[in-house]
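Chain residues, written in single-letter form:
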Amino acid sequence: MASNMDKKKYVGVNVVVGLTGGIACYKAVEIVSYLTQMGANVNVAMTSAACEFVTPLTLQSISNNPVVTDLFDTAQQGNVKHIALVEKADIILIVPATANFIGKLATGIADDLLSTTIMAAKAPVLIAAAMNVNMYSNRIVQENINKLKNYGYYIIEPDVGYLACGTVGRGRLAEASKIIEELDKVLFPNKKLSGVKVLVTAGGTQEPIDPVRYISNHSSGKMGYAICEELKNKGAEVILVTGPTKVTPPVGVQLIKVTTALEMYDACLSVFQEVDAVIKAAAVADFRPKITAQNKIKKKDEENNFFIELEKNPDILAELGKLKEKQVMIGFAAETEALLENAEQKLAKKNLDMIVANDVTGRDVGFNADNNQVTILWRNGKIESLPLMTKKDVAHEIVARLIKLIHKE
Ligand code: PMT
């Protein structure tokens, strides 16, 4: 669940994790461990039944904070006041939540430390339910869950799977990654790409002719870099594969610098399986010199012409399109004629979900400019023409559409 990119994700965030008595308590240990590793200050409160499944000492060691269990233990209260706990909480997560505990909350019973804590809470409360399949489908439990939803509590429904009681059905605690995902949605409502990994390519490739010359194009990397910034703002984890540029690369991304199309191809393929989306803003050379001279090529007096034999580079995006499984794929089309027709063909040929077509004939748009004017073509045939705007704003528009595609909105 953890990755190097978002080590600081929860720094400054106070999370109260409440455990109630179910076999899934052991899974709460993993979640507390993850939140702590990612920088959260985690305070754990356990019901006495929860203490039968895992020990407070385990949670204390994992969270680096004292664990509270007893409402009337004055020694504990001296260390951690439960009201103070919820007062500073940014979010409260009950994991696992039993049918009994859900019933207590729904009917306003506050007879132990955890239920009184939640009753006093102002922070959002997420409830990850886990119980026997028949208990879960019981009308009373369902009514209690609906009641809590109506009161504004967030319910994380259990998964279908093998249950501790030996049956198979809905009741198993949701996967830790799903619980974290739900927590992130509530905690960072603007970070709509939290937990999403995106591969972005930017800049132009350089194809060497000899040690001092190369074939390339005017791509500055500005468009791709602006997309990376916007993705980061929305909480995505970004892998940037970039050709040589003069623009400072964005911070907080995993940077892979390449020079040639073949290097870009290898870099993209090496990370493709781990990403959820690809945005390919790079201008890749379609051809490279078949032979790169080892030494600088000399001009000869008797020769008026000089020929370089070129061979085709792989079409990186088309190759990724063939391998595509879950990935959302967005390409660019830089055109000087027949903008829509050419872009449509590329969308289909490269198996894309969306293509951003830019007419690159204008002086103040496209390559190396600070502005761009794009037309967005969707796989379903929808076409949207956007006005002239800064590349930062174009990036905002593209990422907003990526969010829709990722969340199937
Ligand atoms: O970098 P800037 O100065 O900010 O300029 C931005 C831009 C004009 C470069 C950018 O907006 C843009 O249009 N990028 C795509 C340029 C391009 O190579 O277009 P294309 O129509 O030739 O390629 C179509 C798509 O296939 C692109 O997503 C491209 O990355 C990809 N491709 C192309 C060829 C190839 N061999 N492999 C590829 O993956």
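Note that the coordinates shown come from a computational prediction; the quantities given were computed from them, not determined experimentally.

## Structural notes on the layout of surface pockets
As a volume, the largest pocket reaches approximately 1000 Å³. Along its surface, the largest pocket is lined by 44 residues, and Ala282, Ala283, Val284, Phe332 and Ala334 are the ones closest to its centre. Sorting the residues of the lining of the largest pocket by element identifies α11 (222–233), α13 (316–323), β16 (328–335) and α14 (339–349) as the ones contributing at least two each. When residues of the lining of the largest pocket are assigned to their parent elements, the largest contribution, five residues, is made by α13. Among the residues forming the lining of the largest pocket, the class breakdown is 18 nonpolar, 16 polar and ten charged. There is about 810 Å³ of room inside the second largest pocket. Looking at the second largest pocket, it is lined by 33 residues, and the ones nearest its centre are Glu181, Ser194, Gly195, Val196 and Asp276. Mapped by element, the contributors of at least two residues to the lining of the second largest pocket are α10 (176–187) and α15 (391–406).

## Overview of the side chain of asparagine 372
Topologically, asparagine 372 is positioned in strand β18 (residues 371–372). Residue asparagine 372 is classed as buried on the basis of its relative accessible area of 1%. Setting aside residues no more than four positions away along its own chain, asparagine 372 makes contact with Met223, Asn358, Val365, Gly366, Pro387, Leu388, Met389, Lys391 and Val394.

## Quick look at the packing of helix α12 (residues 261–272) against α13
Packing of α12 against α13 brings their axes to within 10 Å, and their N-to-C directions diverge by 20°. Accordingly, the angle class assigned to the pair α12 and α13 is roughly parallel. Crossing of α12 over α13 shows right-handed handedness. For the pair formed by α12 and α13, the contact residues are Ala261, Met264, Tyr265, Cys268, Leu269 and Phe272 on the first element and Ile316, Glu319, Leu320 and Leu323 on the second. Looking at the contact of α12 with α13, its residues break down into nine nonpolar, no polar and one charged.

About the criteria used
- Residues numbered from 1 in each chain as written.
- Predicted model: local features only at pLDDT ≥ 70, side-chain atom pairs only at ≥ 80, totals over all residues.
- Heavy atoms only, no water.
- 1 Å grid on protein atoms, 1.4 Å probe; cavity = no way out; pocket = protein on both sides within 12 Å on 5 of 7 lines; lining within 4 Å.
- Points joined across faces, edges and corners; volume = space filled by probe spheres on them.
- Helix = DSSP H or I, 4+ residues; strand = E, 2+ residues; numbered from the N terminus.
- Nonpolar A, V, L, I, M, F, W, Y, C, P; charged D, E, K, R; others polar.
- Buried < 20%, exposed > 50% of the residue type's maximum accessible area, 1.4 Å probe, protein only.
- Contact = heavy atoms within 4.5 Å.
- Axes fitted to C-alpha atoms, helices over the stretch in contact; angles between N-to-C directions.
- Parallel < 35°, antiparallel > 145°, perpendicular 65-115°, else oblique.
- Left-handed = near helix turned anticlockwise from the far one by under 90°.

So, to be careful, I would describe these as geometric facts and stop short of saying anything about function.
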